[in-house]
Amino acid sequence: MLPQDIIDHQRLPLDQPDSPAYHQAVKTVKAGLQADGCCVIKNFLSPAGLQAILKEAEDRKCQAYYAPKKRCNIYLGEGNPDEPDDHPQNIFMDRTNGFITADLLGEGTVAHNLYYWPPLRQFLADCLSKTELFIYADPISNMIVNVAQRGQQFNWHYDTNEFTITFLLRAAQAGGHFEYVPNLRNRDDECINEVKKVLAGDRTRVKRLSLTAGDLQFFLGRYSLHQVTPNQGHSERLLLIQSFCENKGISGNPTRVKGLYGKTAPVHEQVRITSDNLLD
Ligand SMILES: O=C(O)CCC(=O)C(=O)O
Ligand SMILES: [Fe+2]
């Protein structure tokens, strides 16, 4: 399937950057991102594009990886014995969802065609006022499908890369809500006291998105804490995630990648390029 046919191309001509429709879309996303680091374009995928990617996820969901470690902190890393018990590194919550990894969505899949389509990348760069964006250079986790069966959830956490787009492929019949706290930390400060408040149940800064299958969500997940609440429906919630970076060659922390996705790639044995010094 051609990339143009995967999306609602008439309304969103991503390969026509001079068109009024393109400018309008960029303007809308910019305003949303500036307000709170998150923005949704309803029905971004065409009905045929959505069906095709949903089928790719359905066909692979039995290969999804469910980590044996079900208790995670917000950095999806180890606890820290040098910090007190109420430090976020030492607060553990349930993460029970699974992932279909990027290596299972290879060349020739519709999801792959969309991810590597240069006009999509340029559109995202324009929305973020960057000259250029790069594919997240992590061959295991740069494009994944989050699978949440009944009762499964994804705890509060931050992402490794600055920027993701997600496509809800099938919503939970009940529950399975995406919630986030815009800009809870920044490049230079973990803002631990604010984080502690959220983990203690303070909902003052928490936002919940209402998404339908086919929507595109833009999200700055490195700085905005987020979670997916337990799926209370009977079918799986399926969501495709494509990640991008401002710099070339960024990959995931090998321990985190192995823990979340059950495997690593040769790139994880090389010296890691990171974009900041946050706890992860
Ligand atoms: O499923 C979602 O809506 C978000 C998943 C997520 O936050 C992640 O995979 O890092
Ligand atoms: Fe995330």
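This next bit is on the nonpolar core. Among the nonpolar cores identified, the biggest contains 71 residues, and Ile53, Ile100, Val145, Leu169, Leu225 and Leu240 are the most heavily contacted of them. Per-element tally for this core: the top contributor is strand β13 (residues 237-245), with six residues. Leaving out residues up to four positions away in the same chain, isoleucine 53 has contacts with Val110, Ala111, Phe167, Leu169 and Leu240.

Before going further, it helps to examine the sheet that holds strand β12 (residues 225-228). Two strands in a sheet stick together by hydrogen bonds in their backbones, pointing the same way (parallel) or opposite ways (antiparallel). Spatially, β7-β12-β9-β10 is the arrangement adopted by the four strands of the open sheet, whose pairing is antiparallel. With one partner strand each, in any of the chains shown, β7 (154-157) and β10 (207-208) form the two edges of the open sheet.

Right, let's talk about the site of ligand 1 for a bit. Near ligand 1 you find Asn146, Phe154, Asp159, Thr166, Phe178, His226, Val228, Leu239 and Ile241, and these make up its full shell. For the shell around ligand 1, the secondary-structure elements that each account for two or more residues are β12 and β13. A breakdown of the residues in the shell around ligand 1 according to their chemical character gives five nonpolar, three polar and one charged.

Tracing the sequence through the fold places aspartate 188 in the loop between β9 (178-181) and α6 (192-199). Since 9 C-beta atoms lie within 10 Å of it, aspartate 188 is described here as exposed. Taking the C-alpha atoms as reference points, aspartate 188 and arginine 256, separated by 68 residues in sequence, lie 21 Å from one another.

Checked against the element boundaries, cysteine 72 lands in strand β2 (residues 71-72). As for cysteine 72 and glycine 262, which are separated by 190 residues in sequence, their C-alpha atoms are 15 Å apart. Once you skip the residues sitting within four places of it in the chain, cysteine 72 turns out to touch Phe92, Met93, Arg95, Asn155 and His157.

With that out of the way, let us pick up unusual backbone geometry. With a phi close to 45°, asparagine 43 is a non-glycine residue in the positive phi region. For asparagine 43, the location among the structural elements is in the loop between β1 (38-41) and α3 (47-60). The exposure class assigned to asparagine 43 is partly exposed, which follows from the 16 C-beta atoms found within 10 Å. In this structure, asparagine 183 is a non-glycine residue whose phi angle is positive, near 45°. As for its position among the elements, asparagine 183 is in the loop between β9 and α6.

In this section: the pairing of β12. Sheet analysis places β7 next to β12, joined by two bridges and oriented antiparallel. Looking at the pairing, phenylalanine 154 lines up with valine 228 of β12. With four bridges connecting them, β9 and β12 associate as antiparallel partners. When the bridges of β12 are listed, phenylalanine 178 appears paired with valine 228.

As a further point, take the environment of tyrosine 75. Note on placement: tyrosine 75 falls in the loop between β2 and β3 (93-94). For tyrosine 75, a count of 19 C-beta atoms within 10 Å corresponds to the partly exposed category. With 86 residues separating them along the chain, tyrosine 75 and asparagine 161 place their C-alpha atoms 13 Å apart.

The end-to-end C-alpha separation of α3 is 20 Å, in line with the 20 Å expected for 14 residues at 1.5 Å each. Here α3 has its buried residues at Gly49, Leu50, Ile53, Leu54, Glu56 and Ala57. An end-on view of α3 places all buried positions within 155° of arc, on one side of the element. Residues of α3 that are exposed and angled more than 90 degrees away from the buried face: Pro47, Ala48, Lys55 and Asp59.

Burial within β13 is extensive, with nine of its nine residues counted as buried. Side chains Arg237, Leu239, Ile241, Ser243 and Cys245 project from β13 onto one buried face, and the interleaved Leu238, Leu240, Gln242 and Phe244 project onto a second face that is buried too. Of the pairings in the sheet, the one linking strand β5 (residues 134-135) to β13 comprises two bridges and is antiparallel in character. Bridging across to β13, phenylalanine 134 finds its partner in cysteine 245. Summarising the sheet, strand β8 (residues 163-170) and β13 pair through seven bridges and their orientation is antiparallel. Residue pairing across strands places phenylalanine 163 opposite phenylalanine 244, the latter belonging to β13.

Basis of the calculations
- Residues numbered from 1 in each chain as written.
- Chains lettered and ligands numbered in written order.
- Predicted model: local features only at pLDDT ≥ 70, side-chain atom pairs only at ≥ 80, totals over all residues.
- Core = buried A, V, L, I, M, F, W, Y, C linked by C-beta atoms within 7 Å.
- Buried ≥ 20, exposed ≤ 12 C-beta atoms within 10 Å, placed from the backbone.
- Helix = DSSP H or I, 4+ residues; strand = E, 2+ residues; numbered from the N terminus.
- Contact = placed C-beta atoms within 7 Å.
- Pairing = 2+ DSSP bridges.
- Near = placed C-beta within 6 Å.
- Nonpolar A, V, L, I, M, F, W, Y, C, P; charged D, E, K, R; others polar.
- Expected span 1.5 Å × (residues − 1).
- Arc of directions from axis to C-beta.

By themselves, these figures tell us nothing about what the structure is for.
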